[in-house]
Amino acid sequence: MSSQSPLFRITAENRKSAVLTPSSLSCLSKTATVNLTRGCAHQCVYCYTRGYSSFPGEHTIAVYANTFEKMKAEWQRKRKIPDCVYFSPSSDIFQPIPEVLDMGYNILHWLLNNNVRIAILTKGVIPNRFFDLFAQFPEQIQFQHGLITLDNSILSMFEPGAASAETRISQMRRFIDLGITTRVRLDPILPGLTDDEESLESLCLELEQIGVREMAASVLFLRPVILASLKQNIHDNEIKQKLISRFENKESLAIHAGQSRVFALCCEERRQILDRVRTIAALHQIECHRCSCKNPDLDSSSCQIAGAWTNRGNTLFDLL
Ligand code: SF4
């Protein structure tokens, strides 16, 4: 497979390394995670995977075509099977690429029918057949939608390949109607663009109305490669300047993701923004978790990125 889309180039390759792997993020270090691709069609301009050695280059998606077969073979060899599988740490399972959606469907169908719990984080458009599948296993799924604002002009600038705000809201409503635990991930908050009271208030009001009761939030951090992406991909100079200028007094921060150091707003600025989110969310009956991996100087609690599950007693996963 090698095809073209107006937005990106798609190639196929066979994955050599293991499919079920932990992530370098400390909150996913004991969870089995799966990526179906290198690169991601949602093309978020702030995406941290640009800094990974596996990043295939701008506007390129490499599909791991053998993922399902390889995962099943790995499964047979495991002494302890995963209790929960997380999709996906460095890509998105709901990218608008038919091969990725088909493979994602087959994998989810297989895992759910094998009594495995699934945590999904996406910014994508979810086809109907997935809702039909999820409706059969509401207790085995915890869903998170990434949503940083209701302002589609900001979303199309920063997440050009992802779903509109309306689509994400409507999808969350469908998950909630199915009885599936549904959270929002407000990550990254864009300082100067999406952290004002008006923007947060309208977002939290909408979430309250559809029945969302939990969110996790984190403020944008920069690496040189993310800064370069913002400069290259944001064409509205006023917006770009407004965001980048907030990082003039940036500080170096060691986050809980491998040995990562990033450039972040100073601790007090992040605290003020996250306190504002938490206060506004609480007014709308929404509990806001801070992402402690990305704010180790502020918090030590979990952002629940892989879900908050009750213990089934057989949950150890042999990742070796
Ligand atoms: S959806 Fe996630 S993995 Fe995909 S480009 Fe956006 S931030 Fe990166």
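Quick summary incoming for the structure in this document. (Residues numbered from 1 in each chain as written. Predicted model: local features only at pLDDT ≥ 70, side-chain atom pairs only at ≥ 80, totals over all residues. Heavy atoms only, no water.)

## Observations regarding the pattern of salt bridges
Pairs can form between side chains of opposite charge once their charged atoms are near each other.
Here comes step 1: According to the stated counting rule, one finds 14 salt bridges in the structure shown.
Here comes step 2: Residue Arg129 is joined to Asp102 by a salt bridge in which the shortest nitrogen-to-oxygen separation is 2.8 Å. Here Arg129, found in helix α3 (residues 128-134), pairs with Asp102, found in helix α2 (residues 98-113); they are 27 residues apart in sequence, far enough to count as distant.
Here comes step 3: Salt bridges here are not isolated pairs; linked through shared partners, they connect Asp195, Arg246, Glu269 and Arg276. (Salt bridge = Lys/Arg side-chain N within 4 Å of Asp/Glu carboxyl O. Helix = DSSP H or I, 4+ residues; strand = E, 2+ residues; numbered from the N terminus.)

## Section: the site of the ligand
Here comes step 1: Around the ligand lies a shell formed by Cys40, His42, Gln43, Cys44, Cys47, Ser90, Ser91, Asp92 and Lys123.
Here comes step 2: Residue composition of the shell around the ligand, by class: three nonpolar, four polar and two charged. (Near = heavy atom within 4 Å. Nonpolar A, V, L, I, M, F, W, Y, C, P; charged D, E, K, R; others polar.)

## Looking at unusual backbone geometry
Here comes step 1: Residues Phe87 and Ser88 are joined by a peptide bond in cis, for which omega reads -15°.
Here comes step 2: Structurally, the position occupied by Ser88 is in the loop between β6 (84-87) and α2.
Here comes step 3: Cis rather than trans, the peptide bond between Asp187 and Pro188 has omega equal to 5°.
Here comes step 4: Within the secondary structure layout, Pro188 lies in strand β9 (residues 181-189).
Here comes step 5: The phi dihedral of Gln285 falls on the positive side, at around 65°, and the residue is not glycine.
Here comes step 6: The residue Gln285 is located in the loop between α9 (267-283) and β13 (287-290) in this model.
Here comes step 7: The class of Gln285 is partly exposed, set by a relative accessible area of 49%. (Buried < 20%, exposed > 50% of the residue type's maximum accessible area, 1.4 Å probe, protein only.)

## A word on a negative patch on the surface
Here comes step 1: Taken together, Asp196, Glu197, Glu198 and Glu201 make up a surface patch of like negative charges.
Here comes step 2: Among the structural elements, Glu201 can be located in helix α6 (residues 197-210).
Here comes step 3: Residue Glu201 is classed as partly exposed on the basis of its relative accessible area of 31%. (Patch = residues over 30% accessible without salt bridge, like charges linked within 9 Å, V, L, I, M, F, W, Y side chains within 5 Å. Areas by Shrake-Rupley, 256 points an atom, 1.4 Å probe, with all protein chains shown as cover. Lys, Arg positive; Asp, Glu negative; His and termini not counted. Charge placed at Lys NZ, Arg CZ, Asp CG, Glu CD.)

## Quick notes on the sheet that holds strand β3 (residues 32-34)
Here comes step 1: Read across the sheet, seven strands follow the order β3-β6-β7-β8-β9-β10-β13 without closing on themselves; strand pairing throughout is parallel. Whereas interior strands pair on both sides, the edge strands pair on one side only; in this sheet they are β3 and β13. The mean inter-strand angle of the sheet, taken between neighbouring strand axes irrespective of direction, is 25°.
Here comes step 2: Alignment of β6 against strand β7 (residues 117-122), held across four bridges, turns out to be parallel. (Pairing = 2+ DSSP bridges. Axes fitted to C-alpha atoms, helices over the stretch in contact; angles between N-to-C directions.)

All quantities given are derived from atomic positions and should not be read as evidence of function.
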